[in-house]
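Results of the structural survey
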Amino acid sequence: MKLLMGGVCGPGGSKQLETGKWRSSTPVVDQGCCTRCGVCYQFCPDSCISITEQGAQINLFYCKGCMICVHECPKKALRMEDQA
Amino acid sequence: MMTGKVAIMEGSRAVAEAIRACQPDVISAYPISPQTHIVEYLASYVASGKLQSKYIRADSEFSAASILAGASAAGARTYTASSSQGLLLMTEVIFNIASTRLPVVLTTVNRAVSAPITIQPDHQDSMTLRDPGIIQIHVESIQEAYDTHIQAFRIAEDKEIMLPIMVCMDGWILSHSFEVVTMLPDDEISAFVGNFKPEQRLDIKKPLTYGAYADEDRLMEYRYTLMVAQQKAKGKIEEIATEFRQTFGRCSGGLIDSYRCEDADILFMAMGSLVSTIRVVVDEMRNEGHKVGLVKVRSYRPFPTEAIRLSCQNAKAIAVIDKSISINIGGILATEVKSAYYHQPKRPRIISFLAGLGGKEVNRLSLRQMHAQSLQICKQDVWIDEPIFVGLNKDIL
(Lines give C-alpha, C1' and ligand atoms only; values in the text may rest on other atoms or scores of the structure.)
Protein backbone atom coordinates (compact mmCIF):
# COMPACT_ATOMS: atom_id res chain seq x y z
CA MET A 1 0.00 0.00 0.00
CA LYS A 2 1.41 3.38 -1.03
CA LEU A 3 2.04 5.81 1.81
CA LEU A 4 -0.14 8.89 2.11
CA MET A 5 1.58 12.16 2.95
CA GLY A 6 2.32 12.87 6.60
CA GLY A 7 1.63 9.46 8.12
CA VAL A 8 -2.05 9.85 7.33
CA CYS A 9 -4.07 6.75 6.54
CA GLY A 10 -7.58 6.00 5.41
CA PRO A 11 -10.38 5.03 7.83
CA GLY A 12 -10.11 1.66 9.58
CA GLY A 13 -6.34 1.60 9.37
CA SER A 14 -5.84 -0.03 12.76
CA LYS A 15 -7.94 -3.00 11.60
CA GLN A 16 -5.23 -3.77 9.09
CA LEU A 17 -2.42 -3.51 11.62
CA GLU A 18 -1.19 -7.01 12.39
CA THR A 19 -0.27 -6.59 16.05
CA GLY A 20 0.06 -10.40 16.16
CA LYS A 21 3.54 -9.82 14.69
CA TRP A 22 4.65 -8.47 18.06
CA ARG A 23 3.98 -11.81 19.82
CA SER A 24 6.89 -13.93 21.02
CA SER A 25 4.78 -16.74 22.46
CA THR A 26 1.25 -17.88 21.64
CA PRO A 27 -1.72 -18.63 23.90
CA VAL A 28 -3.25 -22.06 23.37
CA VAL A 29 -6.68 -23.03 24.74
CA ASP A 30 -7.33 -26.50 26.14
CA GLN A 31 -10.91 -26.74 24.90
CA GLY A 32 -11.59 -29.73 27.17
CA CYS A 33 -10.94 -27.54 30.19
CA CYS A 34 -12.60 -24.35 28.91
CA THR A 35 -16.00 -23.70 30.51
CA ARG A 36 -16.79 -20.71 28.20
CA CYS A 37 -17.03 -18.49 31.26
CA GLY A 38 -15.80 -15.46 29.27
CA VAL A 39 -13.22 -14.17 31.79
CA CYS A 40 -10.46 -14.18 29.14
CA TYR A 41 -12.80 -12.39 26.73
CA GLN A 42 -13.38 -9.66 29.30
CA PHE A 43 -9.73 -9.21 30.23
CA CYS A 44 -8.16 -9.34 26.77
CA PRO A 45 -6.84 -5.78 26.19
CA ASP A 46 -6.94 -6.26 22.42
CA SER A 47 -10.49 -7.68 22.37
CA CYS A 48 -9.21 -10.50 20.22
CA ILE A 49 -10.89 -13.39 22.10
CA SER A 50 -14.35 -14.57 21.24
CA ILE A 51 -16.39 -17.26 23.00
CA THR A 52 -17.95 -19.83 20.69
CA GLU A 53 -19.76 -23.13 21.16
CA GLN A 54 -16.37 -24.84 21.03
CA GLY A 55 -14.82 -22.57 23.68
CA ALA A 56 -12.54 -19.51 23.67
CA GLN A 57 -11.12 -18.63 20.25
CA ILE A 58 -8.13 -16.31 19.91
CA ASN A 59 -7.62 -14.14 16.84
CA LEU A 60 -3.87 -14.49 16.35
CA PHE A 61 -3.79 -11.68 13.77
CA TYR A 62 -4.17 -9.24 16.69
CA CYS A 63 -3.05 -11.21 19.80
CA LYS A 64 0.14 -9.58 21.13
CA GLY A 65 0.89 -12.45 23.51
CA CYS A 66 0.44 -10.42 26.70
CA MET A 67 -0.59 -13.56 28.70
CA ILE A 68 -3.34 -11.77 30.62
CA CYS A 69 -5.80 -14.45 29.52
CA VAL A 70 -3.47 -17.17 30.80
CA HIS A 71 -3.15 -15.38 34.11
CA GLU A 72 -6.87 -14.74 34.54
CA CYS A 73 -8.36 -18.09 33.43
CA PRO A 74 -9.97 -19.62 36.57
CA LYS A 75 -9.73 -23.12 35.08
CA LYS A 76 -6.13 -22.80 33.87
CA ALA A 77 -7.38 -23.74 30.42
CA LEU A 78 -4.85 -21.43 28.72
CA ARG A 79 -1.09 -21.85 28.37
CA MET A 80 1.61 -20.15 26.37
CA GLU A 81 3.58 -21.98 23.72
CA ASP A 82 6.79 -20.74 22.13
CA GLN A 83 6.49 -19.42 18.62
CA ALA A 84 7.55 -21.88 15.95
CA MET B 1 9.69 49.91 -9.28
CA MET B 2 9.22 49.31 -5.61
CA THR B 3 5.58 49.45 -4.57
CA GLY B 4 4.07 50.11 -1.17
CA LYS B 5 3.68 52.58 1.66
CA VAL B 6 6.78 53.66 3.58
CA ALA B 7 6.55 53.74 7.37
CA ILE B 8 8.88 53.80 10.36
CA MET B 9 7.89 50.74 12.25
CA GLU B 10 8.86 48.43 15.10
CA GLY B 11 10.02 44.99 13.94
CA SER B 12 7.27 43.16 15.83
CA ARG B 13 4.64 45.47 14.36
CA ALA B 14 5.97 44.88 10.84
CA VAL B 15 5.71 41.11 11.34
CA ALA B 16 2.20 41.46 12.77
CA GLU B 17 1.18 43.60 9.77
CA ALA B 18 2.52 40.98 7.36
CA ILE B 19 0.66 38.22 9.20
CA ARG B 20 -2.55 40.29 9.27
CA ALA B 21 -2.37 40.71 5.52
CA CYS B 22 -1.81 36.96 5.03
CA GLN B 23 -5.00 36.29 7.02
CA PRO B 24 -4.33 33.09 8.94
CA ASP B 25 -7.52 31.27 9.97
CA VAL B 26 -6.17 30.31 13.37
CA ILE B 27 -3.53 31.95 15.58
CA SER B 28 -2.54 30.40 18.88
CA ALA B 29 0.28 31.58 21.09
CA TYR B 30 1.62 31.91 24.59
CA PRO B 31 3.47 35.13 25.44
CA ILE B 32 7.23 35.12 26.03
CA SER B 33 9.82 37.86 25.68
CA PRO B 34 10.86 39.01 23.15
CA GLN B 35 8.02 37.57 21.06
CA THR B 36 5.22 39.32 23.01
CA HIS B 37 4.72 42.41 20.86
CA ILE B 38 3.94 40.34 17.77
CA VAL B 39 1.16 38.37 19.43
CA GLU B 40 -0.14 41.45 21.28
CA TYR B 41 -0.54 43.29 17.98
CA LEU B 42 -2.27 40.29 16.42
CA ALA B 43 -4.61 39.91 19.39
CA SER B 44 -5.53 43.60 19.13
CA TYR B 45 -6.20 43.27 15.37
CA VAL B 46 -8.53 40.36 16.07
CA ALA B 47 -10.23 42.22 18.94
CA SER B 48 -10.84 45.30 16.80
CA GLY B 49 -12.06 43.31 13.81
CA LYS B 50 -9.12 44.25 11.56
CA LEU B 51 -8.28 40.57 11.33
CA GLN B 52 -10.83 37.78 11.05
CA SER B 53 -8.62 35.02 12.52
CA LYS B 54 -9.62 32.79 15.39
CA TYR B 55 -7.16 33.78 18.14
CA ILE B 56 -6.79 31.02 20.72
CA ARG B 57 -4.95 31.81 23.93
CA ALA B 58 -3.15 28.70 25.11
CA ASP B 59 -1.94 27.65 28.54
CA SER B 60 1.55 26.87 27.22
CA GLU B 61 3.57 26.80 24.03
CA PHE B 62 3.05 23.04 23.92
CA SER B 63 -0.70 23.64 23.81
CA ALA B 64 -0.40 26.47 21.30
CA ALA B 65 1.54 24.25 18.90
CA SER B 66 -0.87 21.36 19.49
CA ILE B 67 -3.89 23.58 18.78
CA LEU B 68 -2.29 24.62 15.50
CA ALA B 69 -1.48 21.01 14.60
CA GLY B 70 -5.18 20.22 14.85
CA ALA B 71 -6.27 23.39 13.07
CA SER B 72 -3.79 22.87 10.25
CA ALA B 73 -4.86 19.24 9.83
CA ALA B 74 -8.43 20.52 9.49
CA GLY B 75 -7.30 22.74 6.61
CA ALA B 76 -6.78 26.07 8.39
CA ARG B 77 -3.95 28.51 7.65
CA THR B 78 -2.11 28.72 10.96
CA TYR B 79 0.38 30.99 12.69
CA THR B 80 2.24 31.21 15.99
CA ALA B 81 5.31 32.90 17.42
CA SER B 82 7.65 32.04 20.26
CA SER B 83 11.13 32.41 21.71
CA SER B 84 13.70 30.51 23.74
CA GLN B 85 12.20 28.15 26.34
CA GLY B 86 8.81 28.58 24.69
CA LEU B 87 10.11 27.28 21.40
CA LEU B 88 11.80 24.38 23.16
CA LEU B 89 8.52 23.51 24.86
CA MET B 90 7.00 23.27 21.37
CA THR B 91 9.72 20.92 20.19
CA GLU B 92 7.88 17.64 20.57
CA VAL B 93 4.88 19.06 18.74
CA ILE B 94 7.06 20.51 15.99
CA PHE B 95 8.41 17.02 15.24
CA ASN B 96 4.79 15.90 14.87
CA ILE B 97 3.80 18.92 12.79
CA ALA B 98 6.71 18.46 10.40
CA SER B 99 6.26 14.72 9.97
CA THR B 100 2.50 15.12 9.57
CA ARG B 101 3.30 17.72 6.88
CA LEU B 102 1.32 20.58 8.40
CA PRO B 103 2.40 23.97 7.04
CA VAL B 104 2.28 25.98 10.27
CA VAL B 105 4.05 29.35 10.01
CA LEU B 106 6.02 30.23 13.11
CA THR B 107 8.09 33.27 13.99
CA THR B 108 11.02 32.60 16.26
CA VAL B 109 12.13 35.78 17.91
CA ASN B 110 15.55 34.45 18.77
CA ARG B 111 16.60 34.44 22.39
CA ALA B 112 19.22 32.49 24.35
CA VAL B 113 18.19 29.42 26.31
CA SER B 114 18.46 28.89 30.11
CA ALA B 115 20.42 28.34 32.30
CA PRO B 116 21.42 30.90 33.37
CA ILE B 117 18.11 32.51 32.56
CA THR B 118 18.40 35.47 30.25
CA ILE B 119 16.31 37.38 27.76
CA GLN B 120 19.33 38.32 25.63
CA PRO B 121 19.36 37.29 21.99
CA ASP B 122 21.34 34.49 20.41
CA HIS B 123 20.36 31.63 18.08
CA GLN B 124 20.36 28.73 20.53
CA ASP B 125 16.59 28.27 20.47
CA SER B 126 16.04 27.86 16.73
CA MET B 127 19.31 26.02 16.10
CA THR B 128 18.22 23.41 18.62
CA LEU B 129 15.29 22.73 16.24
CA ARG B 130 17.66 21.72 13.47
CA ASP B 131 16.38 18.21 12.88
CA PRO B 132 12.56 17.86 12.84
CA GLY B 133 12.09 18.96 9.22
CA ILE B 134 10.79 22.47 9.86
CA ILE B 135 12.10 25.01 7.34
CA GLN B 136 14.25 27.62 9.07
CA ILE B 137 14.94 31.04 7.57
CA HIS B 138 16.96 33.78 9.25
CA VAL B 139 16.42 37.43 8.42
CA GLU B 140 18.73 40.40 8.66
CA SER B 141 16.41 43.39 8.83
CA ILE B 142 12.86 44.36 9.68
CA GLN B 143 12.06 44.79 5.99
CA GLU B 144 13.33 41.29 5.33
CA ALA B 145 11.27 39.94 8.25
CA TYR B 146 8.17 41.56 6.73
CA ASP B 147 8.85 40.24 3.23
CA THR B 148 9.86 36.77 4.42
CA HIS B 149 6.66 36.19 6.37
CA ILE B 150 4.65 36.90 3.22
CA GLN B 151 6.75 34.38 1.30
CA ALA B 152 6.66 31.90 4.21
CA PHE B 153 3.00 30.95 3.70
CA ARG B 154 3.63 30.30 0.02
CA ILE B 155 6.66 28.11 0.71
CA ALA B 156 5.08 26.13 3.55
CA GLU B 157 1.69 25.59 1.90
CA ASP B 158 3.03 24.61 -1.52
CA LYS B 159 1.62 21.18 -2.29
CA GLU B 160 5.06 19.74 -3.04
CA ILE B 161 6.53 21.10 0.19
CA MET B 162 3.85 21.02 2.93
CA LEU B 163 6.28 21.67 5.79
CA PRO B 164 6.13 24.01 8.75
CA ILE B 165 8.36 27.05 8.47
CA MET B 166 10.13 29.08 11.08
CA VAL B 167 11.14 32.67 10.31
CA CYS B 168 13.90 33.62 12.73
CA MET B 169 14.61 37.21 13.73
CA ASP B 170 16.97 38.34 16.47
CA GLY B 171 15.15 39.27 19.66
CA TRP B 172 15.25 42.97 20.58
CA ILE B 173 17.75 43.81 17.81
CA LEU B 174 15.02 43.30 15.22
CA SER B 175 11.83 42.73 17.21
CA HIS B 176 11.96 45.92 19.28
CA SER B 177 13.90 48.35 17.12
CA PHE B 178 12.38 50.68 14.53
CA GLU B 179 13.35 50.80 10.88
CA VAL B 180 11.93 52.17 7.67
CA VAL B 181 9.65 49.50 6.19
CA THR B 182 7.99 49.56 2.80
CA MET B 183 4.58 48.00 3.37
CA LEU B 184 2.61 46.37 0.60
CA PRO B 185 -1.09 46.85 -0.06
CA ASP B 186 -3.25 44.17 1.61
CA ASP B 187 -4.98 43.14 -1.62
CA GLU B 188 -1.65 42.63 -3.39
CA ILE B 189 -0.39 40.49 -0.51
CA SER B 190 -3.62 38.46 -0.57
CA ALA B 191 -3.25 37.90 -4.30
CA PHE B 192 0.39 36.86 -3.88
CA VAL B 193 -0.21 34.52 -0.95
CA GLY B 194 -3.49 33.00 -2.20
CA ASN B 195 -5.58 30.56 -0.19
CA PHE B 196 -4.48 27.42 1.62
CA LYS B 197 -5.89 24.45 -0.28
CA PRO B 198 -4.56 21.23 1.23
CA GLU B 199 -4.93 18.05 -0.81
CA GLN B 200 -5.90 16.11 2.31
CA ARG B 201 -7.44 17.32 5.55
CA LEU B 202 -9.64 16.23 8.44
CA ASP B 203 -13.13 16.04 7.01
CA ILE B 204 -16.10 14.24 8.59
CA LYS B 205 -17.45 13.39 5.15
CA LYS B 206 -14.19 11.84 4.04
CA PRO B 207 -12.54 10.38 7.16
CA LEU B 208 -8.78 10.08 7.51
CA THR B 209 -6.62 8.99 10.42
CA TYR B 210 -4.02 11.55 11.48
CA GLY B 211 -1.26 10.42 13.83
CA ALA B 212 -1.53 6.75 12.93
CA TYR B 213 0.92 4.19 14.25
CA ALA B 214 3.81 3.08 12.08
CA ASP B 215 6.15 0.16 12.58
CA GLU B 216 9.63 -0.51 11.26
CA ASP B 217 8.13 -0.97 7.82
CA ARG B 218 7.39 2.72 7.28
CA LEU B 219 8.92 5.19 9.71
CA MET B 220 12.16 5.46 7.75
CA GLU B 221 10.07 5.88 4.60
CA TYR B 222 8.37 8.92 6.16
CA ARG B 223 11.72 10.39 7.16
CA TYR B 224 12.87 9.89 3.57
CA THR B 225 9.88 11.84 2.26
CA LEU B 226 10.80 14.68 4.63
CA MET B 227 14.29 14.71 3.13
CA VAL B 228 12.80 14.89 -0.36
CA ALA B 229 10.43 17.72 0.61
CA GLN B 230 13.24 19.74 2.21
CA GLN B 231 15.37 19.26 -0.89
CA LYS B 232 12.49 20.48 -3.08
CA ALA B 233 12.05 23.46 -0.77
CA LYS B 234 15.44 24.77 -1.93
CA GLY B 235 14.09 25.34 -5.42
CA LYS B 236 10.77 26.60 -4.10
CA ILE B 237 12.38 29.21 -1.82
CA GLU B 238 14.35 30.61 -4.78
CA GLU B 239 11.33 30.44 -7.09
CA ILE B 240 9.08 32.33 -4.68
CA ALA B 241 11.78 34.95 -4.06
CA THR B 242 11.94 35.53 -7.83
CA GLU B 243 8.16 35.81 -8.05
CA PHE B 244 8.19 38.25 -5.12
CA ARG B 245 10.78 40.40 -6.90
CA GLN B 246 8.82 40.36 -10.15
CA THR B 247 5.56 41.20 -8.35
CA PHE B 248 6.70 43.84 -5.88
CA GLY B 249 9.93 45.11 -7.41
CA ARG B 250 12.28 44.39 -4.55
CA CYS B 251 14.83 41.67 -3.94
CA SER B 252 14.07 39.72 -0.82
CA GLY B 253 14.41 36.03 -0.16
CA GLY B 254 16.38 33.11 -1.50
CA LEU B 255 18.70 30.63 0.15
CA ILE B 256 21.80 32.77 0.60
CA ASP B 257 22.93 36.27 -0.21
CA SER B 258 26.52 36.91 -1.16
CA TYR B 259 28.07 40.34 -0.88
CA ARG B 260 31.35 41.41 -2.49
CA CYS B 261 32.55 37.81 -2.68
CA GLU B 262 34.03 37.92 -6.21
CA ASP B 263 37.76 37.95 -5.47
CA ALA B 264 37.57 37.77 -1.67
CA ASP B 265 40.28 35.90 0.24
CA ILE B 266 38.40 35.96 3.53
CA LEU B 267 34.65 35.53 3.66
CA PHE B 268 32.47 36.17 6.66
CA MET B 269 29.50 33.85 6.98
CA ALA B 270 26.67 34.50 9.42
CA MET B 271 22.91 34.56 9.89
CA GLY B 272 20.47 37.15 11.19
CA SER B 273 20.96 40.77 12.17
CA LEU B 274 24.72 40.38 12.61
CA VAL B 275 24.91 40.28 8.81
CA SER B 276 24.12 43.99 8.54
CA THR B 277 27.04 44.84 10.83
CA ILE B 278 29.28 42.66 8.69
CA ARG B 279 28.12 44.49 5.54
CA VAL B 280 29.41 47.77 7.01
CA VAL B 281 32.73 46.16 7.97
CA VAL B 282 33.11 44.62 4.52
CA ASP B 283 32.58 48.04 2.90
CA GLU B 284 35.06 49.70 5.26
CA MET B 285 37.69 47.02 4.75
CA ARG B 286 37.19 46.94 0.99
CA ASN B 287 37.89 50.69 0.96
CA GLU B 288 41.11 49.95 2.82
CA GLY B 289 42.06 47.40 0.16
CA HIS B 290 41.25 44.15 1.96
CA LYS B 291 39.78 41.38 -0.17
CA VAL B 292 36.88 40.52 2.07
CA GLY B 293 33.30 39.48 1.45
CA LEU B 294 30.18 38.17 3.10
CA VAL B 295 27.91 35.18 2.67
CA LYS B 296 24.62 35.50 4.48
CA VAL B 297 22.89 32.21 5.13
CA ARG B 298 19.15 32.89 5.00
CA SER B 299 17.90 29.36 4.77
CA TYR B 300 19.45 27.20 7.43
CA ARG B 301 16.99 24.36 6.71
CA PRO B 302 17.01 23.40 3.90
CA PHE B 303 20.76 23.84 4.13
CA PRO B 304 22.08 25.54 0.96
CA THR B 305 25.09 23.28 0.45
CA GLU B 306 25.36 23.85 -3.31
CA ALA B 307 24.89 27.64 -3.11
CA ILE B 308 27.51 27.94 -0.36
CA ARG B 309 30.02 25.90 -2.36
CA LEU B 310 29.49 28.08 -5.42
CA SER B 311 29.79 31.42 -3.67
CA CYS B 312 32.85 30.49 -1.58
CA GLN B 313 34.88 28.43 -4.02
CA ASN B 314 37.69 30.96 -4.48
CA ALA B 315 38.08 32.07 -0.86
CA LYS B 316 41.12 31.15 1.22
CA ALA B 317 39.08 31.02 4.39
CA ILE B 318 35.51 31.31 5.57
CA ALA B 319 35.08 32.84 9.00
CA VAL B 320 31.82 31.26 10.10
CA ILE B 321 30.21 33.11 12.99
CA ASP B 322 27.79 31.09 15.09
CA LYS B 323 25.49 32.67 17.67
CA SER B 324 24.73 29.27 19.17
CA ILE B 325 26.73 26.31 20.38
CA SER B 326 26.53 22.55 20.23
CA ILE B 327 28.28 21.70 23.45
CA ASN B 328 31.47 19.76 22.80
CA ILE B 329 31.41 20.41 19.03
CA GLY B 330 31.11 24.20 18.93
CA GLY B 331 29.67 26.19 16.06
CA ILE B 332 26.69 24.46 14.48
CA LEU B 333 26.71 26.39 11.21
CA ALA B 334 30.50 26.02 10.98
CA THR B 335 30.22 22.26 11.42
CA GLU B 336 27.73 22.03 8.57
CA VAL B 337 29.79 24.26 6.31
CA LYS B 338 32.79 22.00 6.94
CA SER B 339 30.62 19.04 6.05
CA ALA B 340 29.50 20.76 2.83
CA TYR B 341 33.14 21.03 1.74
CA TYR B 342 34.46 17.65 2.80
CA HIS B 343 34.01 16.01 -0.59
CA GLN B 344 35.17 19.02 -2.56
CA PRO B 345 38.62 18.81 -4.18
CA LYS B 346 39.33 22.43 -3.27
CA ARG B 347 38.43 23.49 0.25
CA PRO B 348 38.78 26.86 1.93
CA ARG B 349 39.84 26.91 5.56
CA ILE B 350 36.71 26.99 7.65
CA ILE B 351 37.27 28.88 10.88
CA SER B 352 34.61 28.63 13.53
CA PHE B 353 33.91 31.71 15.65
CA LEU B 354 31.44 31.62 18.52
CA ALA B 355 30.15 35.12 19.05
CA GLY B 356 27.19 36.92 20.48
CA LEU B 357 26.19 34.10 22.82
CA GLY B 358 23.77 35.37 25.45
CA GLY B 359 23.70 38.71 23.69
CA LYS B 360 27.44 39.39 24.00
CA GLU B 361 28.21 42.30 21.74
CA VAL B 362 29.65 41.64 18.29
CA ASN B 363 30.76 44.91 16.74
CA ARG B 364 32.91 46.22 13.92
CA LEU B 365 36.05 45.93 16.02
CA SER B 366 35.42 42.29 16.96
CA LEU B 367 34.67 41.51 13.32
CA ARG B 368 37.97 43.10 12.28
CA GLN B 369 39.73 40.97 14.90
CA MET B 370 38.09 37.83 13.48
CA HIS B 371 39.31 38.88 10.05
CA ALA B 372 42.85 39.42 11.34
CA GLN B 373 42.82 36.03 13.09
CA SER B 374 41.59 34.36 9.91
CA LEU B 375 44.37 35.97 7.87
CA GLN B 376 46.91 34.84 10.45
CA ILE B 377 45.61 31.26 10.34
CA CYS B 378 45.93 31.26 6.53
CA LYS B 379 49.43 32.71 6.74
CA GLN B 380 50.56 30.11 9.26
CA ASP B 381 49.01 27.45 7.05
CA VAL B 382 47.33 25.68 9.96
CA TRP B 383 43.95 23.95 10.21
CA ILE B 384 42.10 24.62 13.42
CA ASP B 385 39.39 22.29 14.67
CA GLU B 386 38.42 24.08 17.86
CA PRO B 387 36.00 26.98 17.76
CA ILE B 388 37.31 30.41 18.73
CA PHE B 389 35.29 32.13 21.49
CA VAL B 390 35.06 35.82 20.61
CA GLY B 391 35.30 38.15 23.60
CA LEU B 392 35.58 35.36 26.17
CA ASN B 393 36.28 37.01 29.53
CA LYS B 394 38.96 34.74 30.94
CA ASP B 395 39.37 37.00 34.00
CA ILE B 396 36.19 35.61 35.53
CA LEU B 397 36.90 31.98 34.77
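Rules used throughout
- Residues numbered from 1 in each chain as written.
- Chains lettered and ligands numbered in written order.
- Predicted model: local features only at pLDDT ≥ 70, side-chain atom pairs only at ≥ 80, totals over all residues.
- Heavy atoms only, no water.
- Helix = DSSP H or I, 4+ residues; strand = E, 2+ residues; numbered from the N terminus.
- Buried < 20%, exposed > 50% of the residue type's maximum accessible area, 1.4 Å probe, protein only.
- Areas by Shrake-Rupley, 256 points an atom, 1.4 Å probe, with all protein chains shown as cover.
- Lys, Arg positive; Asp, Glu negative; His and termini not counted.
- Charge placed at Lys NZ, Arg CZ, Asp CG, Glu CD.
- Domains from an automatic or database assignment.
- Contact = heavy atoms within 4.5 Å.
- Buried area = accessible area lost by both parts, 1.4 Å probe.
- Salt bridge = Lys/Arg side-chain N within 4 Å of Asp/Glu carboxyl O.
- Polar contact = N/O pair within 3.5 Å; in protein donor to acceptor, adjacent residues only side chain to side chain.
- Nonpolar A, V, L, I, M, F, W, Y, C, P; charged D, E, K, R; others polar.
- Pairing = 2+ DSSP bridges.
- Axes fitted to C-alpha atoms, helices over the stretch in contact; angles between N-to-C directions.
- Patch = residues over 30% accessible without salt bridge, like charges linked within 9 Å, V, L, I, M, F, W, Y side chains within 5 Å.

Now for the overall build of chain B. Across its full length, chain B carries 13 helices and 15 strands. Considered along the principal axes of its C-alpha atoms, chain B spans approximately 70 × 55 × 45 Å. Here chain B holds 397 residues, and 56% of them are scored as buried. Counting every atom, chain B has about 17,300 Å² of accessible surface; 53% of that belongs to carbon and sulfur. Within chain B, the 45 negative side-chain charges are centred at a point lying 2 Å from the centre of the 42 positive side-chain charges.

Right, let's talk about the domain arrangement of chain B for a bit. All names here are of chain B. Partitioning chain B into domains gives domain 1 (5-248) and domain 2 (256-396). A C-alpha centroid distance of 28 Å is found between domain 1 and domain 2. In this assembly, 26 residues from domain 1 lie in contact with 28 residues from domain 2. Together, the buried faces of domain 1 and domain 2 total about 2,200 Å²; carbon and sulfur atoms form 50% of this surface. On the domain 1 side of the contact with domain 2, Met 127, Arg 130 and Glu 140 bury the most area, a combined 30% of that side's loss. At the boundary of domain 1 and domain 2, one finds 7 salt bridges. Between Glu 140 and Lys 296 there is a salt bridge, with its nearest N and O atoms 2.8 Å apart. The interface formed by domain 1 and domain 2 holds 16 residue pairs in polar contact (both at pLDDT 80 or more) in total. At the level of secondary structure, the elements contributing two or more residues to the side of domain 1 that touches domain 2 comprise helix 6 (124-127), strand 6 (135-138), helix 7 (142-157) and helix 9 (219-248). Counting residues per element, the side of domain 1 that touches domain 2 draws most heavily on helix 9, which supplies 5 residues. Of the residues in the side of domain 1 that touches domain 2, the class split is 11 nonpolar, 8 polar and 7 charged.

All names here are of chain B. Residue position: Thr 108 is located in strand 5 (residues 105-110). Among the residues examined, Thr 108 registers a relative accessible area of 0% and is labelled buried. Every residue in contact with Thr 108, bar those within four places of it in the chain, is listed here: Ser 82, Leu 87, Asp 125, Ser 126, Met 166, Val 167, Cys 168 and Met 169.

This part is about the interface of chain A and chain B. The partner chain B presents 16 residues to the 12 residues of chain A that form the contact. Both faces combined, the contact of chain A with chain B buries some 1,400 Å², and carbon together with sulfur accounts for 62% of it. Three residues, Leu 3, Met 5 and Val 8 of chain A, lead the burial of chain A against chain B; their summed loss comes to 41% of the area buried on that side. Viewed at the interface, chain B and chain A are joined by 0 salt bridges. On inspection of chain A and its partner chain B, the count reaches 4 residue pairs in polar contact (both at pLDDT 80 or more).

Each strand in a sheet pairs with its neighbour through backbone hydrogen bonds, running either in the same direction (parallel) or in the opposite one (antiparallel). Residue and element names in this part refer to chain B. In space, the 7 strands of this open sheet follow the order 3-2-4-5-7-6-12, with mixed pairing throughout. Unpaired on one side and paired on the other, strand 3 (54-57) and strand 12 (299-301) mark the two borders of the sheet. With strand direction ignored, the average angle separating the axes of adjacent strands in the sheet is 20°. With 4 bridges joining them, strand 2 (residues 26-29) and strand 3 adopt parallel strand pairing. Residue pairing in the sheet places Val 26 in a bridge with Lys 54 of strand 3. In this fold helix 3 (residues 61-73) packs onto strand 2, strand 3 and strand 4 (78-82), with an angle of close to 165° to the strand it touches most, strand 2.

All names here are of chain B. Here Gly 293 lies in strand 11 (residues 292-297). When its relative accessible area of 0% is taken as the criterion, Gly 293 is described as buried. Linking Gly 293 and Ala 315, residues 22 residues apart in sequence, is a C-alpha distance of 9.1 Å. Those residues in contact with Gly 293 that sit more than four places away from it in its chain are Tyr 259, Arg 260, Ala 264, Ile 266, Leu 267, Phe 268 and Val 282.

A word on the sheet that holds strand 9 (residues 256-259) of chain B. Residues and elements named next belong to chain B. Within the open sheet, the 6 strands sit side by side as 9-11-10-13-14-15. Their pairing is mixed. The sheet is open, and its two edges are formed by strand 9 and strand 15 (388-389), each paired on a single side. Looking at chain direction, strand 9 and strand 11 are connected through 4 bridges and run antiparallel. Each bridged residue has a counterpart across the sheet, and for Ser 258 the counterpart in strand 11 is Val 295.

In this section: a nonpolar patch on the surface. Residues and elements named next belong to chain B. A surface patch of nonpolar side chains, about 450 Å² in accessible area, is lined by Val 6, Ile 8, Phe 178 and Val 180. Elements with a minimum of two residues in the nonpolar patch: strand 1 (5-10) and strand 8 (178-183). Counting through the fold element by element, Val 6 comes out in strand 1.

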